Amino acid sequence: MLNDTNQQSSLDNLVQLISRDHGLTCKVLQVANSIAYSPQQTIVAIPHAVSWLGLDTVRTLVAAAHLVEQLKHWPARQQELRTLIAKSLVAATYASEFGMALNYPQPGQLFTAALLYSIGDLAIAYQDPDFFEALQTISRKVKHPAERISRETQLIGVPRMTLARALVRLWMLPDNLVDLFDSAGELPVGRWQNLPQMYRGLVLGSIRLVDALTNSDSSTAVENSKQTLQLGSGLSARRFSDLMSQAMDRGHQLTRSMGLAVDSFHAPLVTPSGKNLTESTAPQLSTKTPPPENPIPAPQKASRNQEEPSVPIRNNPFETLQVFQTSLQGAIDLNSLLGMFIQSLHRDAGLGRVGLALLNPNDSDLLVGKLALGVTPLAPYLSSLSGSLSREHPFFLSILKRVEPLLAPNLSDQPTGSLKQEFRDVWHPTSAIIAPLRVGVRPIGLVYCDQGPDRPPMHPQDYQAFQLFFAQTTLGMNRLAGIL
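Residues numbered from 1 in each chain as written. Predicted model: local features only at pLDDT ≥ 70, side-chain atom pairs only at ≥ 80, totals over all residues. Heavy atoms only, no water.

A.B. asks: Describe the overall build of the chain, naming the residues involved and giving the relevant values.
C.D. replies: A count of helices and strands for the chain gives 22 helices and six strands. Out of the 484 residues in the chain, the part that is buried amounts to 52%. Considering only contacts within the chain whose residues lie at least 6 apart along the sequence, 64% involve residues at least 24 apart. Accessible surface, the chain as shown: approximately 21700 Å² in total, 54% of it carbon and sulfur. (Helix = DSSP H or I, 4+ residues; strand = E, 2+ residues; numbered from the N terminus. Buried < 20%, exposed > 50% of the residue type's maximum accessible area, 1.4 Å probe, protein only. Contact = heavy atoms within 4.5 Å. Areas by Shrake-Rupley, 256 points an atom, 1.4 Å probe, with all protein chains shown as cover.)

Here it is as structure tokens:
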């Protein structure tokens, strides 16, 4: 398998390899169409997917799929092995993503090394899950290397790294992987000075970081692991934080495509600007957002002409937009800026119902309802906006691949399964405006607007008004992120 996916493999060879396997075809297409890889179009062909993802990423998918495929032979050991493989996949993704950021010549090599570094643990977990759990306990609780080696030897007869090194040599795995075990897992200290140090630092540093992230009692270990990686790589704090979020996100997409999951990650959710994106730190996005100064009257049936005089953006467009621009310039973070945007759509653009949903920065398949105005009670509306894009919200997934907002004449025409049933039941959507929110090229969420079930449908004038606020908000988001 490694020979079929080595550095000399051509695109055509990989396409043929993948196309012969229906399961692998589905996995590659799923990852290629995920928001983590930001396609602005739907990819339906393997050659397109391979060229879009790049040869290194596809090689890693093939390697990971082959490893996961072996799980069916171990039905009595699946839980231990699934968790271990999932952690290895995420660590491998970290190593590869950081390697690409540092222009490492072969990031796919980093992925394979991090993925197969756990080969000794896999063998032990397969033979005896109780021994495996005991070794995991030693690894978590015993910090001094000499004592850890002594405890491992008492348990399995030899140190864990000695067993792994013997297996790697026995199975004639790549020489660069053998080299990792020859220094007892030691990390290079300080800034990496050459490619061998970068290789060892990225692979072992990523593995230790993921081990720390999956241990809920190891917040100090997480920070120490981050500091070691950042110091060795020489990356700025901002760039390092962005790569952390991107690697975690792509790791989640890979594990999900393989039917695996790691639920114990506790990395903070951060925006591209580095700000925490939680209700507790974002009063502007809390469910208790104060009512606007000039609330829109309760929805009632009326003609378009009767409604227009009450819409500020139509009565006083220049003044209304100027006030909005001034408020955006005063926003200190993404949360406050988005709160202003949603309130202005509801109050100044005359849109009856407005909902905001943001992507989980560490897993962009998960949409989280954050704020809704013009609806009551609030909880079911936010819940209906939340969920998996690939499984529950495929229509919203297509929106997030767009750049421009969409004026949808009638959402009830959407095929069954394209919209979450809870969303249909709660919002009763018909005519609506749905727009992706992007920071640079990266989608971070979407906004949904309509007039409500008993109001006139959305008109081109509503779309034009929305565009005025949307354009200024996009500029504001990119300004806060340091892109503009």
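So that's the structure; there's more coming.
A.B. asks: Summarise the sheet that holds strand S4 (residues 406-408); cite the residues concerned and give the values.
C.D. replies: With antiparallel pairing, the six strands of this open sheet are ordered in space as S3-S2-S1-S6-S5-S4. Unpaired on one side and paired on the other, strand S3 (387-388) and S4 mark the two borders of the sheet. The pairing of strand S1 (residues 353-360) with strand S2 (residues 363-373) spans seven bridges and is classified as antiparallel. The partner of Gly355 across the bridge, within S2, is Ala372. Sitting on the sheet, helix H14 (residues 237-257) touches S2 and strand S6 (442-450), and the angle it makes with S2 is about 110°. Packed onto the sheet, helix H18 (residues 334-347) meets S1, S2, strand S5 (432-439) and S6 and runs at close to 155° relative to S1. (Pairing = 2+ DSSP bridges. Axes fitted to C-alpha atoms, helices over the stretch in contact; angles between N-to-C directions.)

A.B. asks: Account for the pattern of salt bridges, with residues named and values stated.
C.D. replies: On inspection of all chains with the given rule, the structure shows 13 salt bridges. We note a salt bridge from Arg160 to Asp121, for which the minimum N-O separation is 3.0 Å. Taken together, the positions of Arg160 in helix H10 (residues 160-170) and Asp121 in helix H7 (residues 119-127) put the pair 39 residues apart, joining distant regions of the chain. Where salt bridges share partners, they join Asp121, Glu152 and Arg160 into one cluster. (Salt bridge = Lys/Arg side-chain N within 4 Å of Asp/Glu carboxyl O.)

A.B. asks: Just give me the short version of the confidence of the model for the chain, but keep the residues and values in it.
C.D. replies: On average, the chain scores 82 in pLDDT, and the residues at 70 or more come to 86%. Counted against residues more than four places away or in other chains, residues 266-309, with its pLDDT under 50, gives 91 contacts. (pLDDT = per-residue confidence, 0-100.)

A.B. asks: Tell me about helix H3 (residues 46-53), and name the residues and values.
C.D. replies: Residues of H3 that are buried include every one of Ile46, Ala49, Val50 and Leu53, and no others. Around the axis of H3, the buried residues are gathered within 95° of arc, so they sit on the same side. (Arc of directions from axis to C-beta.)

A.B. asks: Go over the side chain of Ser388, please, and point to the residues and values.
C.D. replies: For Ser388, the location among the structural elements is in strand S3. By relative accessible area, which is 1% here, Ser388 ends up buried.

A.B. asks: Can you tell me about unusual backbone geometry, naming the residues and giving the values?
C.D. replies: Residues Thr376 and Pro377 are joined by a peptide bond in cis, for which omega reads -10°. In this structure, Met172 takes a positive phi of about 55° despite not being glycine. Here Met172 lies in the loop between H10 and helix H11 (175-181). The class of Met172 is exposed, set by a relative accessible area of 72%. Despite not being glycine, His428 has its phi angle at roughly 50°, a positive value.

A.B. asks: Any chance you could break down the pairing of S5 for me, citing the residues and the numbers?
C.D. replies: Regular strands place their side chains on alternate faces of the sheet. Here S5 lies mainly inside the structure; eight of its eight residues are buried. Covered by surrounding structure in S5 are Ala432, Ile434, Pro436 and Arg438 together with Ile433, Ala435, Leu437 and Val439, the residues of both alternating faces. As defined by bridge partners, S4 adjoins S5 across three bridges and the pair is classed as antiparallel. The residue of S5 that forms the bridge with Leu407 is Ile433. Note: S5 against S6, seven bridges, orientation antiparallel. Opposite Val439, over in S6, you have Arg442 as the bridge partner. Linking two consecutive strands that pair antiparallel, namely S5 and S6, is a turn of two residues; a positive phi of about 65° is found at Gly440 within it.

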